[in-house]
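# Notes for the structure review
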Amino acid sequence: MSFLQDLWLFLAPPDFPHKLSDSFLQSMATSACDAAESDSCRDDAEALNLKFVAIASILLAGVIGIAIPLVGKNRSVLRTDGSLFVGAKAFAAGVILATGFVHMLSGGSDALNSPCLPEFPWSKFPFSGFFAMMASLATLLVDFVGTQYYERKQGLARPTEDQVRVGSDDSRPGLESGIVSAQKESNGTIFGEEEGGRGMHIVGMHAHAAHHRHSHPQDACDGHVTEPGHVDSGHAHGHGHSHGFGDDDEDTGVRHVVVSQILELGIVSHSVIIGLSLGVSQSPCTIRPLVAALSFHQFFEGFALGGCISQAQFRNRSAAIMACFFAITTPLGIGVGIAISSSYNPNSAGALVTEGILDSMSAGILVYMALVDLIAADFLSKRMSCNFRLQILSYCLLFLGAGSMSLLAIWA
């Protein structure tokens, strides 16, 4: 027996047992990665039927969710400036926030930290958080550039309106006419007119609006304007105390245009991954809870997106295109998953890296949009600060939406 032991030690390298155990564990991990799902709940026929049910259910939920604010924007109950809509939008913002933090970010982290991927570099750096951070910063940049672009485009499209409004908004000769006449040169032209004819008209309009915003202190909530020695008798002078609010409304409209487009980009990017993951699954145990969870998720994401599209006041054709694009994305992803389910391995290195990066980037986009453009924009607004009941309702619905969507992580 001692002879055999000596022969084994002579033939085998000193670290052979460790190499053997490492090789065995590696082969086990590889076989686990090659096996997409456990055979205990695999049923291809039932899974296919559930996928068709999922396509119909998710498509219907998405259509209804995005159609409610678009179709009901002219109804008194469902108007985008009504308290009911603000509360529902707060709930939807909570859903989107939880989708980013609880579902997408954790999914991206799981994919990029999978044992099926090489240890270097994926286990040496928190790539999921890094990609989410970079996507948030990129969204901020796109948000800024898009807003600047639409503001300039809108400003160039309405020069005539600005000129007419400068001449007609105020009938008092001592204010607007004084600003304009002070710029006249000896030849009777206005300073800057030789370079386009509109420069000082626009400057004079904004100076007049700024003068009234600072000289007419407003009550932050009731909107009434008072000034010393001025009697507010039906707003006798012609500008009607708008004081630049029109410009604020236009800026808000531009923000809604940019917000709706970026929000749709973030939603669509993760909807493709969700649909693809469901489509390639052959396990009814996995698909059943996903049908209800994704339908709920799609409905409230559609509601939030539809509200942004409605507030942006797109033309009917543009709004319909954006709505259809959102509604069909997840069902289309499911269809693609069904088509490639026989050859697609969700545990392959390429699939895991792609899924992890897209999930992480989607999480960054959705978290930014939920916090900055949905929650902060509504909860820090003058309307919210002046309506205590609306504050309570909105905060309760925000936490309810975030909690409900987080709870769905148990099944999806």
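Residues numbered from 1 in each chain as written. Predicted model: local features only at pLDDT ≥ 70, side-chain atom pairs only at ≥ 80, totals over all residues. Heavy atoms only, no water.

### Things to note about the overall build of the protein
The condition is simple: Each helix corresponds to a stretch of at least 4 residues labelled H or I by DSSP, and each strand to a stretch of at least 2 residues labelled E; elements are numbered beginning at the N terminus. A contact between two residues is defined here by any heavy atoms of the two lying within 4.5 Å. For the accessible areas, the method is Shrake-Rupley and the probe is 1.4 Å, while residue cover comes only from the protein chains on display.
On a plain count of helices and strands, the protein comes out with 15 helices and zero strands. For the protein, contacts bridging at least 24 residues in sequence account for 84% of all contacts bridging at least 6. Accessible surface, the protein as shown: approximately 22,400 Å² in total, 65% of it carbon and sulfur.

### Let's talk about the side chain of Asp373
This is how the line gets drawn: Burial here depends on accessible area, computed with a 1.4 Å probe over protein chains only, as a share of the maximum for the residue type. Under 20% is buried, over 50% is exposed, and the range in between is partly exposed.
Within the secondary structure, Asp373 is located in helix H13 (residues 349–379). We classify Asp373 as buried; its relative accessible area is 7%. The contact partners of Asp373, leaving out residues within four places of it in the chain, are Asp143, Arg255, Val259 and Tyr368.

### A short note on the layout of surface pockets
Empty space among the atoms becomes visible once a probe the size of a water molecule is rolled across them. What counts is decided by this rule: A pocket, in this scheme, is an open set of points on a 1 Å grid over the protein atoms alone with protein on both sides within 12 Å along at least 5 of 7 lines, while a cavity is a set where a 1.4 Å probe fits but cannot get out; residues line either one if an atom lies within 4 Å of a point. Grid points are joined across faces, edges and corners, and a volume is the space filled by probe spheres set on the points. Residue polarity is assigned by list, with Asp, Glu, Lys and Arg as charged and Ala, Val, Leu, Ile, Met, Phe, Trp, Tyr, Cys and Pro as nonpolar; anything else, Gly included, falls into the polar class.
Computed from the structure, the second largest pocket encloses a volume of approximately 1,000 Å³. If you go around the second largest pocket, you meet 39 residues; those closest to its centre are Ile273, Ser277, Leu290, Glu355 and Asp359. Taken together, the residues of the lining of the second largest pocket break down into 24 nonpolar, 11 polar and four charged.

### Brief notes about helix H12 (residues 316–340)
Rule in force here: Helix span is expected to be 1.5 Å times the residue number reduced by one.
In this model, H12 (25 residues) spans 36 Å end to end at C-alpha, consistent with the 36 Å of a helix rising 1.5 Å per residue. Residues Ala319, Met322, Ala323, Phe326, Ala327, Thr329, Thr330, Pro331, Gly333, Ile334, Gly337 and Ile338 constitute the buried set of H12.

### Digging into the packing of helix H4 (residues 83–112) against helix H11 (residues 284–312)
Put simply, the test is: Axis definition: a line fitted to C-alpha atoms, over the contacting stretch in the case of helices. Angles run 0 to 180 degrees between N-to-C directions. Angle categories: roughly parallel below 35 degrees, roughly antiparallel above 145, roughly perpendicular from 65 to 115, and oblique for all the rest. For any helix crossing, the convention is left-handed if the near helix is rotated counterclockwise from the far helix by under a right angle, and right-handed if that rotation is clockwise.
It is at 9 Å that the axes of H4 and H11 come closest, and there the two elements cross at 125 degrees. Relative to H11, H4 is oriented oblique. For the element pair H4 and H11, the recorded crossing hand is left-handed. When H4 is examined against H11, the residues Phe85, Ala88, Lys89, Phe91, Ala92, Val95, Ile96 and Thr99 are found in contact with a partner set consisting of Phe296, His297, Phe300, Glu301, Phe303, Ala304, Gly307, Cys308 and Gln311. Considering only residue class, the contact of H4 with H11 consists of 11 nonpolar, four polar and two charged.

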